[in-house]
Amino acid sequence: MEEDLVKEFSKPEKKSILKEIFLPAGIILAIILAGGITGWFLANRGGLPIGPIQTKKLTGGAELVQGPKEVGIKDVETFRDTAEGRIEINDNSNIPEGSHKLIRPGGPSQTAYLISSVIDLSQFLGKCVQVWGETFAGQKASWLMDVGRVKLLDSCPSGI
């Protein structure tokens, strides 16, 4: 009995084009789309909001303010002190208090050193603002303020 040296194999099953091409392509497209949407939401969630001023009542009667030129907590009992000037980073070379400083008219003796438990002050770097906050006794700073609300000014106070 002679055996054939060449044997025929059964033909491979035809895979559907749906499983072979469209399913992996659809999954990849869905992943890319989900990543793009996530990136868009993350990119647009920070900074000053664009559009009309939005206010929201908080417990205790204070208002949360978010608008194109103003952000923070409107609470005149807690944040009763105010000042105007240009916000800069405090490099801590002379006064090691406050993450930022408010350059005000009248020279270095009028500088207010700022911290904030409510607002990221870095978004206002180099901008002229009015701040509302609570004054604390500083060890070296003549004026140390915890800022609760910031409003962008159209122009800087004279002398800055």
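Right, let's walk through the structure included here. Since the structure is predicted, the reported quantities are computational estimates derived from the model, not experimental observations.

1. Description of a nonpolar patch on the surface
Right, so step 1: A surface patch of nonpolar side chains, amounting to about 460 Å² of accessible area, comprises Leu33, Ile37, Trp40 and Phe41.
Right, so step 2: Positionally, Trp40 belongs in helix H1 (residues 17-43).
Right, so step 3: When its relative accessible area of 52% is taken as the criterion, Trp40 is described as exposed.

2. Here we look at the state of the cysteines
Right, so step 1: Under the counting rule described, the total for this entry stands at 1 disulfide.
Right, so step 2: Between the sulfur atoms of Cys128 and its disulfide partner Cys156 the distance amounts to 1.5 Å. The S-S bond linking Cys128 to Cys156 shows a torsion near 70°; that makes this disulfide right-handed. Linking Cys128 in strand S7 (residues 128-136) with Cys156 in the segment after strand S8 (144-152), this pair joins segments that are 28 residues apart in sequence.
Right, so step 3: Judged by relative accessible area, Cys128 falls into the buried class, the value being 7%.
Right, so step 4: We classify Cys156 as partly exposed; its relative accessible area is 37%.

3. A look at the side chain of His100
Right, so step 1: Note that His100 resides in strand S5 (residues 100-103).
Right, so step 2: Of the residues examined, His100 reaches a relative accessible area of 6% and is grouped as buried.
Right, so step 3: At 3.4 Å, the side chain of His100 forms a polar contact with the side chain of Ser122.
Right, so step 4: The residues contacting His100, other than those within four sequence positions of it, are Ile87, Glu88, Ile89, Asn90, Ala112, Tyr113, Leu114, Leu121, Ser122 and Leu125.

4. A closer look at the environment of Ser109
Right, so step 1: Looking at the secondary structure, you find Ser109 in the loop between S5 and strand S6 (112-115).
Right, so step 2: Ser109 sits in the exposed class, given a relative accessible area of 52%.
Right, so step 3: The spacing of Ser109 and Ala141 is 32 residues in sequence and 9.5 Å in space, taken between C-alpha atoms.
Right, so step 4: Polar contacts involving the side chain of Ser109 include one to the side chain of Gln110, which spans 3.4 Å.

5. Topic: the packing of aromatic side chains
Right, so step 1: Tallied over the full model, the rule gives 0 aromatic pairs.
Right, so step 2: Geometry around Trp132 places Arg149 over its ring, the cationic atom sitting 3.6 Å from the centre.

6. Regarding the side chain of Glu97
Right, so step 1: Mapped onto the elements, Glu97 comes out in the loop between strand S4 (81-89) and S5.
Right, so step 2: With sequence-adjacent residues up to four places away left out, Glu97 is seen in contact with Asn90, Asn92, Tyr113, Gly138, Gln139, Lys140, Ala141 and Leu144.

7. Comments concerning the pattern of salt bridges
Right, so step 1: The tally for this structure, following the rule as stated, stands at 3 salt bridges.
Right, so step 2: Asp154 is the salt-bridge partner of Lys69, the closest N and O atoms lying 2.4 Å from each other. Of this pair, Lys69 sits in the loop between strand S2 (63-66) and strand S3 (70-74) while Asp154 sits in the segment after S8, and the two are 85 residues apart along the sequence.
Right, so step 3: Arg149 serves as the salt-bridge partner of Glu70, at 2.8 Å between the closest nitrogen and oxygen. Here Glu70 is found in strand S3, whereas its partner Arg149 is found in strand S8, with 79 residues between them in sequence.

What counts and what doesn't
Residues numbered from 1 in each chain as written. Predicted model: local features only at pLDDT ≥ 70, side-chain atom pairs only at ≥ 80, totals over all residues. Heavy atoms only, no water. Patch = residues over 30% accessible without salt bridge, like charges linked within 9 Å, V, L, I, M, F, W, Y side chains within 5 Å. Areas by Shrake-Rupley, 256 points an atom, 1.4 Å probe, with all protein chains shown as cover. Salt bridge = Lys/Arg side-chain N within 4 Å of Asp/Glu carboxyl O. Helix = DSSP H or I, 4+ residues; strand = E, 2+ residues; numbered from the N terminus. Buried < 20%, exposed > 50% of the residue type's maximum accessible area, 1.4 Å probe, protein only. Disulfide = S-S within 2.5 Å. Polar contact = N/O pair within 3.5 Å; in protein donor to acceptor, adjacent residues only side chain to side chain. Contact = heavy atoms within 4.5 Å. Phe/Tyr/Trp six-rings, centres within 6.5 Å; stacked < 30°, edge-to-face > 60°. Lys NZ or Arg CZ within 6 Å of the ring centre and 35° of its normal.

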